[in-house]
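# Analysis of the macromolecular model
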Amino acid sequence: MALFKRRQADAPAAAPTGVAGAFGVGMQVVVRLDRSRYPDSLVEDPIGVITAPGELVGSALYAPVVGKEAVWVVHFEEPFYGLDGTGPHESARVSQGSLEAAPES
C-alpha cells in the first residue's frame, strides 16, 4: 500500500487551491526584475501570463535561481526589452521568486 503519490521530478509542485500567492497556468503576473546590475535602468517590470510550468532546477531568464525553485514560462503582454538592452522577448522562463500576482484592474 502506497502512502505517498509520486510526481515527476521535472514538474513543479502544485500549490493548494485557494491559497493566496499560488501560481499556475493562466495567472497574470508581474516579473520583478533583478536591478542589482542595472540600478539606473528605466525599464518597467513586465506583465505577462503564465503559459506553462518550467523545470524545478536550472537557470531562469532575468533572475538568478537559488536552490530548487519552480520556474514558469511567462508570455508578455508587450515585447519586453531586458535591462541590458536585449530583446525584444515575447516570453521567458522565470523563477517563481521573481513573480508577483498582477494587481486586478
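Take the nonpolar core next. Of all hydrophobic cores here, the largest spans 15 residues; its most connected members are F23, V29, V31, I50, V74 and L99. The set of elements that each furnish at least two residues to this core consists of strand 1 (28–31), strand 3 (71–80) and strand 4 (89–95). Aside from chain neighbours lying at most four places away, what touches V31 is D45, P46, V74, F76, V94, S98 and L99.

A few words on the confidence of the model for the protein chain. Scored by pLDDT, the protein chain comes out at a mean of 77, with 67% of its residues at no less than 70. In this model residues 1–20 is a low-confidence stretch, pLDDT under 50, and it forms 15 contacts with partners more than four residues away in sequence or in other chains.

With antiparallel pairing, 5 strands are arranged side by side in an open sheet as 4-3-2-1-5. In the strand order of this sheet, the two ends are held by strand 4 and strand 5 (99–101), each with one partner. With direction set aside, neighbouring strand axes in the sheet form an average angle of 45°. Across 5 bridges, the pairing between strand 2 (residues 47–53) and strand 3 is antiparallel. Across the sheet, the residue bridging to I50 is V74, located in strand 3.

The rules behind the values
- Residues numbered from 1 in each chain as written.
- Predicted model: local features only at pLDDT ≥ 70, side-chain atom pairs only at ≥ 80, totals over all residues.
- Heavy atoms only, no water.
- Core = buried A, V, L, I, M, F, W, Y, C linked by side-chain atoms within 4.5 Å.
- Buried < 20%, exposed > 50% of the residue type's maximum accessible area, 1.4 Å probe, protein only.
- Helix = DSSP H or I, 4+ residues; strand = E, 2+ residues; numbered from the N terminus.
- Contact = heavy atoms within 4.5 Å.
- pLDDT = per-residue confidence, 0-100.
- Pairing = 2+ DSSP bridges.
- Axes fitted to C-alpha atoms, helices over the stretch in contact; angles between N-to-C directions.

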